[in-house]
Amino acid sequence: NEDLFSLDIKRFQNFHSSKKFIMERVTETLGDLYGMHWPYKQHKTSRNVKKLPYHDELKSFDFDLIVIGAGYGGFDAAKHAAGKGLKVAIVESSDMGGTCVNKGCVPSKALLAASGKVREIANYEHLAKFGIHASPVRFERSKIADHANNLVLNVRENLTKTLKRSGVEIILGIGRLEGNQKVGVRDKNGIDKIFTCKNIVIATGSSPFVPRGITLDNRTVFTSDDAVKLEWLPRWIAIIGSGYIGLEFADVYTALGCEVTMIEALENIMPTFDPDITKIAKKNLIQARDIDTKSNVFATKITPGCPVKIELTDAKSKEVVETLEVDAVLVATGRSPNSNNLNLESVGIETVKGFIPIDDQMRVKNGDEIIPNIWAVGDVTGKLMLAHTAAAQGTIAVENICGGNVEINYKSIPAATFTHPEISSVGLSEVEAKEISAKENFTLGVVKSFFKANSKALAELESDGLLKLIFNKDNGKVLGAHIFGLHAADLIQEISNAISRNQDVIELSKEVHT
């Protein structure tokens, strides 16, 4: 007989199924010994919570877990599950790494890094204040694009190797549900296979949302999927939408010499950001760069060509008020879930505006009913549509698959817009906090701190910044924060940790910094 205490998981999985059951129970026990940390909340099992069936000694399965989608949510779920000794497969219909690696955060941050260098070197007045006199800046668009593409290839390769080293089986093809414990996969040759598994994690992500009336040709009218390729630099580009995607690409295009017009359907530009942050951000990111803005109008019709024609309709009167002719249009109007063609109806899953409803343990549900053995993470759930949120959800799903009772704390997860300077936020907005304070009858505290009082910001000649901290005055609990300024994406993490730990403002103020 083999030694049951061997740490060689792969050998252990070849033993009798009863021995595997023992190992899985040991793994779960070890997981329970170590508390979960940010952004997790570890709970004692409630008697009212019906545990989902995980081990079924009467059945034989191809895998313990199949993950549909290999973005960051699926990647972290698969890797974490393999680390716990489960037999795991991950199904991907396109490139490994999903949107973030191939068409989102990774290439866009590479473009922002390169264009940010161009902006910095080209800011002669700013450099002159340091006594630095630079020659006129020159750049090669193709090499900036290559930098982004090479980073994508590198990260994708590393991600794939990590999964393989972890023992995860990669199945290329289009995945779908064929029951609570069955996944169908159709490969590029049309060959269809059915795999059985104890649990399924859906991590199919999202795609750019394109409103009606807008025609894409992926050359002159395109979404962020094509913008990250930086195949050309239009002289004049219109950006539809002023959220984080629109702002980041406006940062890239203006740094590289393009003229930008930003079009927003709502009354104000940057409607999803804190009003105080919006005021200072608009001054630095939009007005200082001569970006033309048009708000309270819909781009009801966009026709590709040379030039691209944009029909603008007033949001209130519904009448056409202007027609623009530009060189290109970037459609940055949000994202929609990839939940079609998953055969969700076969297990009774009803989506809400295309999003798969889940509880805070990542269990898929219909109303109050939990769908057994099926979990969902990432953008397809419609929660915080961020790569690091998806990764956290994937880990939590696996913890609960293995018998845990862990919930996510969305309020402690930060978000950032990587413009120059950056914008970041975590927790509640001031509007949300006011509503809660009125409902729960506590006094709301709001404190603003300006970068003009910060020596490091003054030394960088980047003193135009703001931190807004929102807290409960009665107990000091930190509720949220919003930052604009140099290194905002880094600074927000401390407040994120404070929210995660239920830290009050007095404790936070006692933290010692460099």
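What you are looking at is a predicted structure, and each value in this text was computed from that prediction instead of being measured.

Let's talk about the pairing of strand E11 (residues 259-264)
- Burial analysis of E11 places five of its six residues in the buried class, which makes it a mostly covered element.
- Direction of pairing for strand E10 (residues 236-240) relative to E11: parallel, over a ladder of five bridges. Its bridge partner lying in E11, Ala238 is registered against Thr261.
- Between the parallel pair E10 and E11, the chain is carried across by helix H9 (residues 244-255), and the sense of this crossover is right-handed.
- Examined bridge by bridge, E11 and strand E12 (residues 292-295) share four bridges and lie parallel to one another. When the bridges of E12 are listed, Ile263 appears paired with Lys294.
- Crossover handedness for the path E11 to helix H10 (residues 275-286) to E12: right-handed.

Overview of the packing of aromatic side chains
- A complete count under the given rule lists three aromatic pairs for this structure.
- Ring geometry for Tyr72 versus Phe75: centroids 6.4 Å apart, planes at 80°, classification edge-to-face. Residue Tyr72 and its partner Phe75 are located together in helix H3 (residues 72-83), separated by three residues, close to a single helical turn.
- In this structure Phe75 comes out as buried when scored by relative accessible area, which is 11%.
- Ring plane angle 35° and centroid distance 6.4 Å describe the contact between Phe249 and Tyr253, whose orientation is recorded as tilted. Of this pair, Phe249 and Tyr253 are both found in helix H9, four residues apart, which corresponds to roughly one turn of the helix.
- Lying over the aromatic face of Phe63, Lys87 brings its terminal NZ or CZ to 5.3 Å of the ring centre.

As for the side chain of Ser496
- The residue Ser496 is located in helix H14 (residues 488-500) in this model.
- Taking the relative accessible area as the measure of exposure, Ser496 reaches 0% and is therefore buried.
- Here Ser412 takes part through its backbone oxygen, which lies 2.3 Å from a polar atom of the side chain of Ser496.

With respect to a nonpolar patch on the surface
- A contiguous nonpolar patch, built from Phe130, Ile132 and Leu461 and spanning about 240 Å² of accessible area, is present on the exposed surface.
- One can find Leu461 in the loop between helix H13 (455-459) and strand E24 (466-472).
- The exposure class assigned to Leu461 is partly exposed, which follows from its relative accessible area of 35%.

As for the sheet that holds E11
- Spatially, the five strands line up as an open sheet ordered E9-E16-E10-E11-E12, and their pairing is parallel. Among the strands making up the open sheet, the edge pair consists of strand E9 (221-223) and E12. Taking each pair of neighbouring strands and ignoring which way they run, the sheet shows an average axis angle of 20°.
- Sheet strands touched by H9: E9, E10, E11 and strand E16 (328-331). Its angle to E11, the strand with the most contacts, is close to 165°.

Some points on unusual backbone geometry
- Going from Cys306 to Pro307, the amide bond is cis rather than trans, its omega being 10°.
- Along the chain, the position of Pro307 falls in the loop between strand E13 (297-303) and strand E14 (308-314).
- Along the chain, His420 connects to Pro421 via a cis peptide bond; the corresponding omega equals 0°.
- With a phi close to 55°, Asp290 is a non-glycine residue in the positive phi region.
- With respect to the helices, strands and loops of the structure, Asp290 is situated in the loop between H10 and E12.
- Residue classification places Asp290 among the exposed residues on the basis of a relative accessible area of 67%.
- One non-glycine residue with positive phi stands out, namely Asn296, at about 65°.
- Accessibility expressed as a relative area gives 19% for Asn296, which makes it buried.

How each quantity is defined
Residues numbered from 1 in each chain as written. Predicted model: local features only at pLDDT ≥ 70, side-chain atom pairs only at ≥ 80, totals over all residues. Heavy atoms only, no water. Buried < 20%, exposed > 50% of the residue type's maximum accessible area, 1.4 Å probe, protein only. Helix = DSSP H or I, 4+ residues; strand = E, 2+ residues; numbered from the N terminus. Pairing = 2+ DSSP bridges. Right-handed = clockwise from strand over helix to strand, strands pointing away. Phe/Tyr/Trp six-rings, centres within 6.5 Å; stacked < 30°, edge-to-face > 60°. Lys NZ or Arg CZ within 6 Å of the ring centre and 35° of its normal. Polar contact = N/O pair within 3.5 Å; in protein donor to acceptor, adjacent residues only side chain to side chain. Patch = residues over 30% accessible without salt bridge, like charges linked within 9 Å, V, L, I, M, F, W, Y side chains within 5 Å. Areas by Shrake-Rupley, 256 points an atom, 1.4 Å probe, with all protein chains shown as cover. Salt bridge = Lys/Arg side-chain N within 4 Å of Asp/Glu carboxyl O. Axes fitted to C-alpha atoms, helices over the stretch in contact; angles between N-to-C directions. Contact = heavy atoms within 4.5 Å.

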